Amino acid sequence: MVCKICGSRSVFMHEAKILAKYSVKYYRCSNCYFLQTEEPFWLEESYQESINISDTGYMSRNLSFSHISSVLIFLFFNRKVRFIDYGGGYGVFVRLMRDIGFDFYWQDTYTTNLFAIGFEAKTSQYELVTSFETFEHFVDPDKEIRNMLKLSDNILFSTELYGDTVPSPNEWHYYGLTHGQHISFYNIKTLQYIAQKYSLSFWSNGSSLHLLTKQKINPVLFKLAYYSNKIGFAGVVKRLMKSKTLSDCNYLRTHDKKNNIAPL
């Protein structure tokens, strides 16, 4: 099987039961260590609901990502311009970031926008793309990355990495065997390859949060920013920003004609 990231040969690793009925093969690239399923013929069944019912961490995860994103944006990017959440789900993250004071917009081809109506992406350039818990869903990850890079040179995203060896199906919850939506898996070497391919700098917390960027960010500062979030610096950022909660409310009241909202 050909690797969907670098085009090298991928070799069979193991087989697992998806949706309790489909035996699916997994292959790892011998070059960039990208791990992928065979062509995912079961996805229509998996996505009868775009957000799987076992994702009980959906809200807490969005809260956590809003905190760390606000710190990183405040320290390393132009916080006064527009941002986009790619694969934004129900719009919870966009609403949280706008409540903090960042001008965020929503994009998602497959999920209904519930919490960020009126703030759908309308322009083609943004300071930063965020994309949380999406990379493992991508059928064609290289295509999706290229789409993101058309929007911004900076991508902040989350996906859990596997380590030195490929975990067996019963060792790693991230395979998502019960819902079958996770089909693409990454090693730190995969992300390093992607960064090199697109001439980007790459930073990671080593497990789940990653940044691809054209900016030259000191890795020590990036690490400090990540851990400063854990000691409450996000609260300081929120106090320094001006929330868009009330202004958004006034905007929507003025322009909403049964959700046919005028562009900002």
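Residues numbered from 1 in each chain as written. Predicted model: local features only at pLDDT ≥ 70, side-chain atom pairs only at ≥ 80, totals over all residues. Heavy atoms only, no water.

Trainee: Where do I start with the overall build of the protein chain in this structure?
Mentor: Secondary structure assignment for the protein chain yields eight helices and ten strands. A globule of 264 residues ought to have a C-alpha radius of gyration of about 18 Å, and the protein chain, at 19 Å, matches this closely. Every one of the 264 residues in the protein chain was classed for burial, and the buried ones make up 51%. If you take every contact in the protein chain between residues at least 6 apart in sequence, the share linking residues at least 24 apart comes to 63%. Carbon and sulfur atoms make up 53% of the accessible area of the protein chain, which amounts to about 13,000 Å² in all. Of the side chains in the protein chain, 29 bear a positive and 24 a negative charge, and the two mean positions are spaced by 8 Å. (Helix = DSSP H or I, 4+ residues; strand = E, 2+ residues; numbered from the N terminus. Rg over C-alpha atoms; globule rule 2.2 N^0.38 Å. Buried < 20%, exposed > 50% of the residue type's maximum accessible area, 1.4 Å probe, protein only. Contact = heavy atoms within 4.5 Å. Areas by Shrake-Rupley, 256 points an atom, 1.4 Å probe, with all protein chains shown as cover. Lys, Arg positive; Asp, Glu negative; His and termini not counted. Charge placed at Lys NZ, Arg CZ, Asp CG, Glu CD.)

Trainee: Quick question: what am I supposed to make of helix H2 (residues 58-76) here?
Mentor: The periodicity of an α-helix, 3.6 residues per turn, causes residues three or four places apart in sequence to face the same way. Taking 1.5 Å as the rise per residue, H2 with 19 residues should run 27 Å; its terminal C-alpha atoms sit 26 Å apart, in good agreement. The set of residues buried in H2 consists of Tyr58, Asn62, Phe65, Ser66, Ile68, Ser69, Ser70, Val71, Leu72, Ile73, Phe74 and Phe76. (Expected span 1.5 Å × (residues − 1).)

Trainee: When you look at the sheet that holds strand E6 (residues 128-132) in this model, what are you seeing that I'm missing?
Mentor: Sheet strands associate in pairs through backbone hydrogen bonding, adopting either a parallel or an antiparallel arrangement. Overall, mixed pairing links the six strands, which are arranged E5-E4-E6-E7-E10-E9 in an open sheet. Whereas interior strands pair on both sides, the edge strands pair on one side only; in this sheet they are strand E5 (103-107) and strand E9 (201-204). Looking at each pair of strands side by side, their axes are set apart by 20 degrees on average, direction ignored. (Pairing = 2+ DSSP bridges. Axes fitted to C-alpha atoms, helices over the stretch in contact; angles between N-to-C directions.)

Trainee: I would appreciate a short explanation of the pattern of salt bridges in the present structure.
Mentor: It is possible for side chains of opposite charge to pair when their charged atoms get near one another. Counted according to the given criterion, the structure contains ten salt bridges. One salt bridge connects Arg95 with Asp99, and the closest N-O pair in it is separated by 3.0 Å. Linking Arg95 with Asp99, this pair stays in helix H3 (residues 92-100), spanning four residues, or about one helical turn. By sharing partners, the salt bridges in this structure join Arg82, Arg95, Arg98, Asp99, Asp103 and Asp248 into a single network. (Salt bridge = Lys/Arg side-chain N within 4 Å of Asp/Glu carboxyl O.)

Trainee: Please clarify how the sheet that holds strand E2 (residues 22-29) should be interpreted in this entry.
Mentor: Within the open sheet, the four strands sit side by side as E1-E2-E3-E8. Their pairing is antiparallel. In the strand order of this sheet, the two ends are held by strand E1 (10-18) and strand E8 (184-185), each with one partner. With two bridges joining them, strand E3 (residues 35-37) and E8 adopt antiparallel strand pairing. Residue pairing across strands places Leu35 opposite Phe185, the latter belonging to E8.

Trainee: Just checking my understanding: could you explain the environment of Tyr174 for this structure?
Mentor: The residue Tyr174 is located in the loop between strand E7 (155-158) and E8 in this model. Note on Tyr174: relative accessible area 3%, which makes it buried. For the pair Tyr174 and Val2, spaced 172 residues apart in the sequence, the C-alpha separation amounts to 22 Å. Contact partners of Tyr174, with chain neighbours within four places excluded, come to Glu133, Glu136, Thr159, Glu160, His182 and Phe185. A distance of 3.5 Å separates the side chain of Tyr174 from the side chain of Thr159, its partner in a polar contact. Engagement of the side chain of Tyr174 in a polar contact is seen with the backbone nitrogen of Glu160, the distance being 3.3 Å. (Polar contact = N/O pair within 3.5 Å; in protein donor to acceptor, adjacent residues only side chain to side chain.)

Trainee: Quick question: what am I supposed to make of unusual backbone geometry here?
Mentor: The general pattern is negative phi for most residues beyond glycine and trans for most peptide bonds. We note that Tyr33 has phi near 70 degrees; this positive angle belongs to a residue other than glycine. With respect to the element layout, Tyr33 can be found in the loop between E2 and E3. Phi is positive for Glu133, close to 55 degrees, though the residue is something other than glycine. Among the secondary structure elements, Glu133 is positioned in the loop between E6 and helix H4 (141-151).

Trainee: Please clarify how the pairing of E1 should be interpreted in this entry.
Mentor: Residues in a regular strand point their side chains to alternate faces of the sheet. Summarising the sheet, E1 and E2 pair through eight bridges and their orientation is antiparallel. In the strand pairing of E2, Ile18 is matched with Tyr22. Linking E1 to E2, which pair antiparallel, is a turn of three residues; within it Leu19 sits at a positive phi near 55 degrees.

On their own, these measurements won't tell you what the molecule is for.
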